[in-house]
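Secondary and tertiary structure notes
Below are the chains, spelled out letter by letter.
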Amino acid sequence: MLRIVALKGLDYEIDPITAFFGNEEFERLSPLRRIPVLIDGDLVLSDSSVICGWLDEGYPGDALFPADPKDRARARWFEEYADTRLGDVFIWGLFYQQFVHPIIWGAPGDKARIEKTLAEDLPREMDYLEGQLPESGFLFGDEIGVADIAIASFFRNGAYVGWEPDPERWPRVAGFVARALAEECFARFLPFEQAQIATDPKGRRAALLAAGAPLTADTLGTREARPGIMRL
Ligand SMILES: N[C@@H](CCC(=O)N[C@@H](CS)C(=O)NCC(=O)O)C(=O)O
């Protein structure tokens, strides 16, 4: 979502709530108690797909979905695919189990699920993407758009737990991810990602402030985590 804000050139402030740390007001704004949430004046939206659609249509600047209706539909497919399947594999199969679970719940994640993710799920999705991603540029031309960002973002989670696509086995995927990361809309957030990943949830506001992130004055975060309401 922040990458779309960056591409549109919009000003923003962020309340860096770690998943599972939202208070009652957060739950009122995000009925599923999930991040991200956008508060844009009197408009409150949760779910990254909905938020990105609004930011693209509600603000001037370069369109982040292709103009051609068929291409737009395909871009929405890739965004949905990333949200649903890559989210499941990279976040819930890997990043959550390996990184988030131990930090938040104080116990190791599901080892069998990590093993299945590495042995079956990731290779299956890489094979699919290898057949879809372009050899150069991005999915719908030379400019990066929502569909590219939706896909490439999950590879950040992979990288933070030591998983990157093998460039010999999946050269298009590896090349695409490297090109996306080199774009300003990814590169500018790397210091903030580093600050977050290197700190436990309680220290993240301070770490992000020190890294120069534009934080809100107040937070809707809690000190203690609460289990989510959605089945993982
Ligand atoms: N489809 C949603 C997925 C949001 C989502 O799963 N967010 C995770 C963090 S990556 C979360 O808040 N998890 C906490 C929970 O499930 O309770 C979107 O794209 O916004």
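What counts, and where the lines are drawn
- Counting restarts for each chain: residues are numbered from 1 in the order of the written sequence.
- Reporting of local features is limited, given that this is a predicted model, to residues whose pLDDT is at least 70; pairs of side-chain atoms are given and counted only at 80 or more, and all residues count toward the totals for whole chains, interfaces and linings.
- Only heavy atoms go into the side-chain values, all of them from the structure, while hydrogens and water stay out.
- Helical segments are the DSSP runs of H or I of at least four residues, strand segments are the runs of E of at least two, and each set is numbered from the N terminus.
- Here the radius of gyration uses the C-alpha set of atoms, whereas the globule reference equals 2.2 Å times the residue count to the power 0.38.
- Accessibility here uses a 1.4 Å probe with only protein chains present; expressed as a share of the type maximum, an area under 20% marks a residue as buried, one over 50% as exposed, and anything in between as partly exposed.
- Contacts are assigned to residue pairs with any non-hydrogen atoms lying within 4.5 Å of each other.
- Where each domain begins and ends is defined by an automated method or by a domain database.
- A simple way to read buried area is as the amount of 1.4 Å-probe accessible surface that goes missing from two parts once joined, with both sides added.
- Any N or O atom pair separated by 3.5 Å or less is treated as a polar contact, with the protein-specific requirement of one donor-capable and one acceptor-capable atom, and with residues adjacent in sequence counted only for side-chain atom pairs.
- Throughout, the arc means the angular range of directions from the helix axis out to the C-beta atoms.
- What makes a residue near a molecule or strand is one non-hydrogen atom of that residue sitting within 4 Å of it.
- Accessible surface area values rest on a Shrake-Rupley calculation with a 1.4 Å probe, where residue burial reflects the displayed protein chains alone.
- Polar here means any residue other than Ala, Val, Leu, Ile, Met, Phe, Trp, Tyr, Cys and Pro, which are nonpolar, and Asp, Glu, Lys and Arg, which are charged; Gly is therefore polar.
- The axes are straight lines fitted to the C-alpha atoms, using for helices just the contacting stretch, and the angles between their N-to-C directions are given from 0 to 180°.
- The nonpolar core is taken to be a set of buried Ala, Val, Leu, Ile, Met, Phe, Trp, Tyr and Cys residues, with the residues joined through side-chain atoms within 4.5 Å.

Across its full length, the protein carries 10 helices and two strands. Compactness check: the protein gives a C-alpha radius of gyration of 18 Å against a globular reference of 17 Å for 232 residues, within 12% of the reference. The C-alpha extent of the protein, read off along each of the three principal axes, is 45 × 45 × 30 Å. Here the protein, with 232 residues, has 42% of them falling under the buried criterion. Put simply, of all contacts in the protein between residues at least 6 apart along the chain, 68% involve residues at least 24 apart.

So, on to the domain arrangement of the protein. Assigned domains of the protein: these are domain 1 (2–63 + 202–210) and domain 2 (69–186). Centre-to-centre separation of domain 1 and domain 2, based on C-alpha positions: 21 Å. In this assembly, 15 residues from domain 1 lie in contact with 17 residues from domain 2. In this assembly, domain 1 packs against domain 2 so that about 1200 Å² is buried in total across both faces, 64% of it on carbon and sulfur atoms.

The next subject is the side chain of Glu125. In this structure, Glu125 sits in helix α5 (residues 111–130). Looking at Glu125, its side chain comes within polar contact range of the side chain of Tyr81, at 2.6 Å. For Glu125, the contacting residues outside a window of four places in its chain are Tyr81, Arg85, Leu86 and Val89.

Attention now goes to unusual backbone geometry. At the junction of Ile35 and Pro36, the peptide bond is cis and its omega measures out at 5° in the coordinates. Mapping Pro36 onto the fold places it in the loop between α2 (24–29) and β1 (37–40). Non-glycine residue Phe20 carries a positive phi angle of around 85°. Mapped onto the elements, Phe20 comes out in the loop between α1 (2–8) and α2. Overall, Phe20 belongs to the buried group, its relative accessible area being 11%. Even without glycine at this site, Asp47 takes up a positive phi of about 90°. Classification of Asp47 as partly exposed rests on a relative accessible area of 36%.

This part covers helix α9 (residues 190–197). Residues of α9 that are buried include every one of Phe192, Glu193 and Ala195, and no others. Around the axis of α9, the buried residues are gathered within 160° of arc, so they sit on the same side. Packing partners of the buried residues in α9 comprise α1, α6 (146–160) and α10 (204–210).

Right, let's get into the site of the ligand. Lining the immediate environment of the ligand, one finds Ala19, Phe20, Arg33, Arg34, Ile35, Pro36, Asp47, Ser48, Asp83, Trp92 and Gly228. The side chain of Asp47 places a nitrogen or oxygen atom 3.2 Å from a nitrogen atom of the ligand. Take Asp83: an N or O atom from its side chain is 2.9 Å from an oxygen atom of the ligand. Summarising the interface, the protein chains cover 81% of the accessible area of the ligand, which totals 510 Å² for the free molecule. Taken together, the residues that form the shell around the ligand break down as five nonpolar, two polar and four charged.

Contact geometry of helix α3 (residues 48–58) with helix α4 (residues 69–105) gives a least axis separation of 10 Å together with a crossing angle of 145°. When α3 is examined against α4, the residues Ser48, Ser49 and Glu57 are found in contact with a partner set consisting of Arg72, Arg76, Glu79 and Asp83. Residue composition of the contact of α3 with α4, grouped by class: no nonpolar, two polar and five charged.

Turning next to the nonpolar core. One broad trend across soluble globular proteins is that nonpolar side chains are buried collectively. Met126, Leu129, Ile151 and Phe155 are the most contacted members of the largest nonpolar core, which has 61 residues in total. For this core, the element with the highest residue contribution is α4, accounting for 15 residues. Every residue in contact with Met126, bar those within four places of it in the chain, is listed here: Phe90, Phe155, Trp163, Pro165, Trp170 and Val173.

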